[in-house]
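The primary structure of each chain is shown beneath.
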Amino acid sequence: MTETPLAVLDLVPISSGSSAAEALRNSIDLAKAAERFGYARYWFAEHHLNPGVAGTSPAMLLALTASATSSIRIGSGAVQLGHRTALSTVEEFGLLDALHPGRLDLGLGRSGARPPAPVPAGVAAGAGHAPNGLRIPARFSFEGLLRSPRFALQKTLLLQPHAQAQDYGEQIDDILALLRGSYRTAEGVEAHVIPGEGADVQVWILGSSGGLSATVAGRNGLRFAANYHVSPATVLEAAAGYRAAFVPSEGVPRPYVSVSADVVVADDETTARRLATGYGLWVRSIRSGEGAIAFPTPEQAERHRWSEEDRALVDDRVETQFVGSPGQVADQLEQLREATEADELIITTITHDHADRVRSYQLLAEEWRRR
């Protein structure tokens, strides 16, 4: 039996022909199911201006989910700090912890994403495989997405006029100080957040490369989540960068890494691949800058005529999605765990039908317990 916990990352996807309200109800239902299946954590991502994603506010979703569950840890994967303050973040999670103490994970990320950092020495940048065979595709360039009108509009609408995001490292320092109750200005003025100060939350940093996020997580002795599902090309450098920067802290005496993967499981590989048919078209909508579309049915996805430009947008994500029977996917997850030396694995699954999504998580949990 494996001792590596599995967790869930939920974007609250809206399926074609469905609604945001139904997506929210489905997510709460999935959280309850994940608790029954034995998953260790249930995290909500934060995304904006996406027609096919309803997960705009992790804190709001956590408030709803906390009341519907009782034991599974719940958290954000991640609160995007580029348009928030340290105080507002600590206040929100302090409120949640006050009613649900000891269950909250405060996952923090950077919005206004930048291209991945330069490759550290000894880490390959081209397509290939890790020593154990894990697929490491060529890097995807996010430059086109960052220049898209929708990306610029999102930044405009999320930030107050003329506002500038705080330096990320300083912002993390402020959050930790407010949680500890040690925040003081240069002039010696103290700030105490009630509720929030002393909250029993686990602080995580999410990152896609070995750059700033990994370094900030390491030097503060925090837990780190590396995103194989977002940027599979840079997962090894992200984990390595974090471990290289790690300084032990009171709550985290050694590096602690969780790694994410896109997964679809069914009773057999043919069925699983059928359920995953819409994934490529969904990723295309995100990376083209139009925003995530409502997740298509297999029939809708099959009608799309793929150009070379389309395929270039999605190839790295499609080829690193783990799709198949429970045994096949568990084997791939074990390969991911070995290559990254992950302490946990975060599973994100999207299918058009909610029942198929729940079943995927159930089948994987059952197989994982047998190992």
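This one's a predicted model, so the numbers in the text were calculated from it and none came from an experiment. (Residues numbered from 1 in each chain as written. Predicted model: local features only at pLDDT ≥ 70, side-chain atom pairs only at ≥ 80, totals over all residues. Heavy atoms only, no water.)

Novice: Help me understand the overall build of the chain in this model?
Specialist: In terms of helices and strands, the chain carries 14 helices and 12 strands. Expected size for 371 residues packed as a compact globule is a radius of gyration near 21 Å; at 20 Å, the chain falls within 12% of this value. Expressed along its principal axes, the backbone C-alpha trace of the chain runs to roughly 65 × 40 × 40 Å. In the chain, 74% of the contacts between residues at least 6 apart in sequence involve partners at least 24 apart. Counting only carbon and sulfur atoms, one obtains 53% of the accessible surface of the chain, whose full area is about 16,000 Å². If the 34 positive side-chain charges of the chain are averaged to one point and the 44 negative ones to another, these points end up 2 Å apart. (Helix = DSSP H or I, 4+ residues; strand = E, 2+ residues; numbered from the N terminus. Rg over C-alpha atoms; globule rule 2.2 N^0.38 Å. Contact = heavy atoms within 4.5 Å. Areas by Shrake-Rupley, 256 points an atom, 1.4 Å probe, with all protein chains shown as cover. Lys, Arg positive; Asp, Glu negative; His and termini not counted. Charge placed at Lys NZ, Arg CZ, Asp CG, Glu CD.)

Novice: Looking at this structure, I do not really get the pairing of strand 12 (residues 344–348). What am I missing?
Specialist: Consecutive side chains of a regular strand alternate in pointing toward one face of the sheet and then the other. Buried residues dominate strand 12, accounting for 5 of its 5 residues. Of the pairings in the sheet, the one linking strand 1 (residues 6–10) to strand 12 comprises 3 bridges and is parallel in character. Across the sheet, residue valine 8 finds its bridge partner in strand 12, namely isoleucine 347. Sheet analysis places strand 10 (residues 257–265) next to strand 12, joined by 5 bridges and oriented parallel. Bridging across to strand 12, alanine 261 finds its partner in isoleucine 347. (Buried < 20%, exposed > 50% of the residue type's maximum accessible area, 1.4 Å probe, protein only. Pairing = 2+ DSSP bridges.)

Novice: Looking at this structure, how should I read helix 13 (residues 326–340)?
Specialist: An α-helical turn contains 3.6 residues, so a residue and the one three or four places further along point in the same direction. Here helix 13 spans 21 Å end to end across 15 residues, near enough to the 21 Å set by a 1.5 Å rise per residue. Buried within helix 13 we find Pro326, Val329, Ala330, Leu333, Leu336 and Thr340. The arc that holds the buried residues of helix 13, viewed along the axis, is 115 degrees, so those residues lie on one side. On its buried face, helix 13 is in contact with helix 8 (235–245), strand 10, strand 11 (322–324), strand 12 and helix 14 (354–369). Positioned one or two residues after helix 13, glutamate 341 has a phi angle of 55 degrees, which is positive. (Expected span 1.5 Å × (residues − 1). Arc of directions from axis to C-beta.)

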